[in-house]
Amino acid sequence: VLHGIKLIETAPGFDQLPVVRWLPTDVFEMPQTKGTFLLYYTGITRTAKNILGEIVQGMFLNSAGHIKTLNKIKSHAGEVFEVVMRGNHVQFGEAVGRSWQLNNELDSGTSTPDIERMMKQVADYLVGYKLLGAGGGGFMLMVAKNAEAAAHIREIMEANPVNSKARFVEMSISKTGFVVTRS
């Protein structure tokens, strides 16, 4: 709903007063990093309802593993905030990769054999990647090592799509926030 890149934090309880901290967009817009952030629609979707149900159940049952991983994810959000503040492309890519590891730790079904096969073919060109969305989403964010690596990734994945729906999608940072249009 809000424009730009931000960290939104809330506290436990029914009365929510979110605290929003905006981040600079430098790391995404510097000449040496422009084009290294790739958004790829995998065509592989999963229902968030089932995944979130399992995670919430683990929380309510005080599953030590779930609670420990959720705490790591919370800490990691602050770490990512700091990396973006520093404008460090490599550290940001590594942080994206760590997010993917934590997602997999929280739910072993986060990835699929198709996703693993797809990413194996471009892994050497990446600093980090992760599926987006609560359900492990159909969209993959990839951070390429550099513009040349990004071109190789596009070449490889366009020549070997995981399915007929898979494709790259242009990505930009919203300057206006959420907008609803009708055509």
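Look above for the structure.
Residues numbered from 1 in each chain as written. Predicted model: local features only at pLDDT ≥ 70, side-chain atom pairs only at ≥ 80, totals over all residues. Heavy atoms only, no water.

J.: Explain the side chain of Thr110 to me, please; I cannot follow it from the model alone.
T.: Residue position: Thr110 is located in the loop between α4 (89–106) and α5 (113–120). Here Asn103 takes part through its backbone oxygen, which lies 3.1 Å from a polar atom of the side chain of Thr110. Reaching out from Thr110, the side chain makes a polar contact with the backbone oxygen of Asp107 at a distance of 2.7 Å. (Helix = DSSP H or I, 4+ residues; strand = E, 2+ residues; numbered from the N terminus. Polar contact = N/O pair within 3.5 Å; in protein donor to acceptor, adjacent residues only side chain to side chain.)

J.: What is the right way to read the nonpolar core from this model?
T.: The nonpolar side chains of soluble globular proteins are, as a tendency, buried together. Formed by 20 residues in total, the largest nonpolar core has its most connected members in Tyr40, Ile115, Met119, Met140, Met142, Ile153 and Met157. Taken together, the elements giving at least two residues each to this core come down to β3 (37–41), α5, β4 (126–131), β5 (139–144) and α6 (147–159). The biggest single contributor to this core is α6, with 4 residues. Residues Leu23, Val27, Phe28 and Leu141 belong to the second largest nonpolar core, which totals 13 residues. (Core = buried A, V, L, I, M, F, W, Y, C linked by side-chain atoms within 4.5 Å. Buried < 20%, exposed > 50% of the residue type's maximum accessible area, 1.4 Å probe, protein only.)

J.: Teacher, can you tell me more about the sheet that holds β3 here?
T.: Within a sheet, adjacent strands bond to each other through the backbone by hydrogen bonds, running parallel or antiparallel. Spatial ordering of the open sheet is given by β4-β5-β3-β6, a layout of 4 strands whose pairing is antiparallel. Single-partner strands in this sheet number two, and they are β4 and β6 (167–169). Here the average twist between neighbouring strands, direction ignored, is 30 degrees. Where β4 and β5 come together, 5 bridges link them in antiparallel fashion. Bridging across to β5, Leu131 finds its partner in Met140. In this fold α4 packs onto β3, β4 and β5, with an angle of close to 40 degrees to the strand it touches most, β4. Against the sheet, α6 contacts β3, β4, β5 and β6, and its axis sits at roughly 140 degrees relative to β5. (Pairing = 2+ DSSP bridges. Axes fitted to C-alpha atoms, helices over the stretch in contact; angles between N-to-C directions. Contact = heavy atoms within 4.5 Å.)

J.: Hey, could you run me through the packing of aromatic side chains in this one?
T.: The relative placement of two aromatic rings is captured by the distance of their centres and the angle of their planes. All told, the structure shown has 6 aromatic pairs when counted by the stated rule. Here Phe37 and Phe92 contribute two aromatic rings whose centre-to-centre distance is 5.8 Å and whose plane-to-plane angle is 65 degrees, an arrangement assigned as edge-to-face. Highlighted residues: Phe37 in strand β3 and Phe92 in helix α4, separated in sequence by 55 residues. Taking the relative accessible area as the measure of exposure, Phe37 reaches 9% and is therefore buried. Classification of Phe92 by relative accessible area gives buried; the value is 7%. These aromatic residues form a ring-pair network of at least three members: Phe28, Phe37 and Phe92. Its end group placed over the ring of Phe81, Arg21 keeps NZ or CZ at 4.3 Å from the ring centre. Against the face of Phe168 rests Arg154, its NZ or CZ located 4.7 Å from the ring centre. (Phe/Tyr/Trp six-rings, centres within 6.5 Å; stacked < 30°, edge-to-face > 60°. Lys NZ or Arg CZ within 6 Å of the ring centre and 35° of its normal.)

J.: Please clarify how the pattern of salt bridges should be interpreted in this entry.
T.: When their charged atoms lie close together, side chains carrying opposite charge are able to pair. Tallying each qualifying case throughout the model produces 5 salt bridges. A salt bridge links Glu9 to Arg21, with the nearest nitrogen and oxygen atoms 3.3 Å apart. With Glu9 in strand β1 (residues 5–9) and Arg21 in strand β2 (residues 19–23), this pair connects stretches of sequence that are 12 residues apart. Given the relative accessible area of 36%, Glu9 is considered partly exposed. Among the residues examined, Arg21 registers a relative accessible area of 34% and is labelled partly exposed. (Salt bridge = Lys/Arg side-chain N within 4 Å of Asp/Glu carboxyl O.)

J.: Would you mind going over α5 with me for this structure?
T.: Structural remark: α-helix, 3.6 residues per turn; residues separated by three or four positions point the same way. Residues of α5 that are buried include every one of Ile115, Met118 and Met119, and no others. Buried residues of α5, seen end-on, are gathered within an arc of 90 degrees and therefore sit on one face of the element. For α5, the exposed residues lying more than 90 degrees away from the buried face are Pro113, Arg117 and Lys120. (Arc of directions from axis to C-beta.)

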